Amino acid sequence: MANTIAIVGRPNVGKSTLFNRLVGERKAIMDNESGVTRDRHYGYGDWCEKFFTVIDTGGYVHGSEDIFEGEIRKQVELAIKEADVILFMVDVDAGLTGLDQEFADVLRRTDKPIYIVANKADTHARGHMAGEFYALGFESEIFPISSQNGSGTGELLDEVVKHFKEEGIENPDQGIPRIAVVGRPNVGKSSFVNLLLGEDRNIVTDIAGTTRDSIHSHYNAYGKEFILVDTAGLRRKAKVHEDIEFYSVLRSIRALEESDVVVVMLDATRGIESQDLNIIGLADKNRKGLIILVNKWDLVEKETNTMKMLEDAIRERIAPIAYPPILFISVLTKQRVHKAMEKAIEVYENKKTKIPTSKLNEVLLAEIERYPPPAIKGKFIKIKYVTQLPTNTPTFAFFCNLPQYIKEQYSRWLEKRIRENFGFEGVPVNILYRKK
């Protein structure tokens, strides 16, 4: 990625607040609690006709009680490697700390431009307090800013963009299909994404709730580019007590709503639970492409029909939603993982499929002639014409004389005929009736 800025520093100095300001939206979760950000988080901004990528990182520490400390450090180091310019963030309220000095030693190993950003300098008096950070020994100017109200960020960006030789891309994610991986906590979403990407893009532990933000990653496969979105686990509202988890859930739901295909991951050792049904229902309500992956299949004791019995049980629970494919995978043993992505890409292609009007009428009118809509109150319904509308979700308009009398049961029969003849696996199908 060209024109990349990494925001780094110890915990709780305001890195995510600055990240949100530079990208122009509340994309990263912010809280007064230390250690909220864990994974690398990417966003896009612009300044003086230069477009750039911003990386938010977790707080860099040594010897803390945070069990994620080592993994967060790895993510920070990867961000430093990726960046063209590094913003080393410190806090004028707290002053120069031992953690700042320790992290400065880490940054001295790189030859990339480093700017010390002294945050929480909301007034001129606070701005003067930033002078003590010259003791860190970096040659570049120190920039007192307030990431909360934006003061000083313009001057900082004026200096940063001087290092960018090219204009950059306004939004590298624009127009690229999105596949969101969602599910309850600890079902293996981050492990699945890491395996596909071939790197530890997201922190993985056995602790539920390790992922907090929705993490976007570019993924190339089968000659196509996609954005894989790893999300925080979705628990029932009654079990969500912390503000951070509440915002994580909101980010996960937004990631689902913004996606083209939703991969719902279940835990094979627990089967399908009520929260899984809620997630699948949410994907269906938003008319997304949908695929169900049953992970940890390697941990299940199997008999001859174990897979079929579990699939039947899942389909019974999610009825009347019948269109998503169900695959049984193991991220640990890599069983059927790439087949799962093939299927997700196939679902995306199905979502874009447009059937020629002549073919629709040739096939469906013949089916309708064999089984026409039931007469209501002595009135016969005649469907004369069908066409697919230019919408994001496959939508078919049937033109008839009495659209108000067609029942839901007949619509389900029509949907089955459409799927039998034209596919659309993993994709919701909308059926409308228009008077003609």
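Cut-offs and rules
- Residues numbered from 1 in each chain as written.
- Predicted model: local features only at pLDDT ≥ 70, side-chain atom pairs only at ≥ 80, totals over all residues.
- Heavy atoms only, no water.
- Helix = DSSP H or I, 4+ residues; strand = E, 2+ residues; numbered from the N terminus.
- Buried < 20%, exposed > 50% of the residue type's maximum accessible area, 1.4 Å probe, protein only.
- Contact = heavy atoms within 4.5 Å.
- Areas by Shrake-Rupley, 256 points an atom, 1.4 Å probe, with all protein chains shown as cover.
- 1 Å grid on protein atoms, 1.4 Å probe; cavity = no way out; pocket = protein on both sides within 12 Å on 5 of 7 lines; lining within 4 Å.
- Points joined across faces, edges and corners; volume = space filled by probe spheres on them.
- Nonpolar A, V, L, I, M, F, W, Y, C, P; charged D, E, K, R; others polar.
- Pairing = 2+ DSSP bridges.
- Axes fitted to C-alpha atoms, helices over the stretch in contact; angles between N-to-C directions.
- Parallel < 35°, antiparallel > 145°, perpendicular 65-115°, else oblique.
- Phe/Tyr/Trp six-rings, centres within 6.5 Å; stacked < 30°, edge-to-face > 60°.
- Salt bridge = Lys/Arg side-chain N within 4 Å of Asp/Glu carboxyl O.
- Patch = residues over 30% accessible without salt bridge, like charges linked within 9 Å, V, L, I, M, F, W, Y side chains within 5 Å.
- Lys, Arg positive; Asp, Glu negative; His and termini not counted.
- Charge placed at Lys NZ, Arg CZ, Asp CG, Glu CD.
- Left-handed = near helix turned anticlockwise from the far one by under 90°.
- Expected span 1.5 Å × (residues − 1).

Q: Could you give me a rundown of the overall build of the protein, with the residues and numbers involved?
A: Tallying secondary structure elements over the protein gives 12 helices and 15 strands in all. Evaluated residue by residue, the protein yields a buried proportion of 55% over its 436 residues. Within the protein, residue pairs in contact and separated by at least 24 positions form 70% of the contacts whose partners lie at least 6 positions apart. As presented, the protein carries roughly 20700 Å² of accessible surface, and 49% of it is formed by carbon and sulfur atoms.

Q: Would you mind going over the layout of surface pockets in detail, with residue names and values included?
A: Counted as a void, the second largest pocket has a volume near 530 Å³. If you go around the second largest pocket, you meet 19 residues; those closest to its centre are Pro-320, Ala-322, Glu-408, Arg-412 and Glu-415. The greatest single-element share of the lining of the second largest pocket, amounting to seven residues, is contributed by helix α12 (residues 408-422). Taken together, the residues of the lining of the second largest pocket break down into nine nonpolar, two polar and eight charged.

Q: Talk me through the sheet that holds strand β2 (residues 41-47); I want residue IDs and the actual numbers.
A: Pairing is mixed in the open sheet, where six strands are placed in the order β2-β3-β1-β4-β5-β6. Of all the strands in the sheet, the pair left with one neighbour each is β2 and β6 (142-144). Within the sheet, the average angular offset between the axes of one strand and its neighbour, ignoring direction, is 30°. Sheet topology note: the strand β5 (residues 114-119)/β6 ladder contains three bridges and is parallel. Within the sheet, the bridge partner assigned to Ile-116 lies in β6 and is Ile-142. Taken strand by strand, helix α3 (residues 98-107) contacts β1 (4-9), β4 (85-91) and β5, and its axis lies near 170° from that of β4.

Q: Tell me about the packing of helix α6 (residues 189-197) against helix α10 (residues 337-352), residues and numbers included.
A: Relative to each other, α6 and α10 sit at 90°, their axes nearing to 11 Å. As the angle between them shows, α6 and α10 are arranged roughly perpendicular. Each of Phe-192, Leu-195 and Leu-196 in α6 lies in contact with α10, whose residues at this interface are Val-337, His-338, Ala-340 and Met-341. Each residue belonging to the contact of α6 with α10 can be placed in one class, and the counts come to six nonpolar, one polar and no charged.

Q: Now, about the sheet that holds strand β13 (residues 383-389): what can you tell me, with residues and values included?
A: As summarised here, the arrangement of the three strands in space is β13-β14-β15, forming an open sheet in which the pairing is mixed. Each end of this open sheet is capped by a strand with a single partner; those strands are β13 and β15 (430-435). Each neighbouring strand pair of the sheet contributes to a mean axis angle of 25°, computed without reference to strand direction. The sheet contact formed by strand β14 (residues 395-400) and β15 spans six bridges and is parallel. Looking at β15, one finds that Phe-398 is bridged to Tyr-433. Set on the sheet, helix α11 (residues 357-370) makes contact with β13 and β14; between it and β13 the angle comes to about 140°. Here α12 sits on the sheet and contacts β13, β14 and β15; the angle it forms with β15, its principal contact strand, is near 120°.

Q: Explain the packing of aromatic side chains to me, using residue names and the numbers behind them.
A: Tallied over the entire structure, the rule returns 12 aromatic pairs. With a centroid separation of 6.3 Å and 35° between ring planes, the pair formed by Phe-52 and Phe-164 is classed as tilted. Of this pair, Phe-52 sits in strand β3 (residues 50-56) while Phe-164 sits in the loop between α5 (153-160) and β7 (178-183); the two residues are 112 residues apart in sequence, bridging distant segments of the chain. You'll find Phe-52 and Phe-164 in the same group, each marked buried. Here Phe-88 and Phe-103 contribute two aromatic rings whose centre-to-centre distance is 5.4 Å and whose plane-to-plane angle is 80°, an arrangement assigned as edge-to-face. Highlighted residues: Phe-88 in strand β4 and Phe-103 in helix α3, separated in sequence by 15 residues.

Q: If you had to explain the pattern of salt bridges to someone new, which residues and values would you point to?
A: Per the counting criterion, the structure on display carries 18 salt bridges. Its salt-bridge partner being Arg-270, residue Glu-273 comes within 3.1 Å of it at the nearest N-O pair. According to the relative accessible area criterion, Glu-273 is partly exposed, its value standing at 25%. Arg-270 gets classed as partly exposed once you look at its relative accessible area, which sits at 48%.

Q: Describe in detail a positive patch on the surface, supporting the description with residues and values.
A: Together, Lys-382, Lys-384, Lys-435 and Lys-436 make up a positively charged patch on the protein surface. Position of Lys-436 among the secondary structure elements: in the segment after β15.

Q: So what's going on with the packing of α11 against α12? Which residues, and what values?
A: Between α11 and α12, the least distance of the axes is 11 Å, while the angle of their chain directions is 130°. Looking at the two axes, α11 sits oblique to α12. Judged by the twist between their axes, the crossing of α11 over α12 is right-handed. Facing α11, whose interface residues are Lys-359, Leu-360, Val-363, Leu-364, Glu-367 and Ile-368, α12 presents Tyr-410, Trp-413, Leu-414, Arg-417, Ile-418, Asn-421 and Phe-422. Across the contact of α11 with α12, the residue classes break down as nine nonpolar, one polar and three charged.

Q: Account for α10, naming residues and giving values.
A: For the α-helix, the turn length of 3.6 residues means that residues three or four positions removed from each other point alike. Its 16 residues place the ends of α10 24 Å apart at the C-alpha level, agreeing with the 22 Å of an ideal helix rising 1.5 Å per residue. Taken together, the buried positions of α10 are occupied by Val-337, Ala-340, Met-341, Lys-343, Ala-344, Ile-345, Val-347, Tyr-348, Asn-350 and Lys-351.

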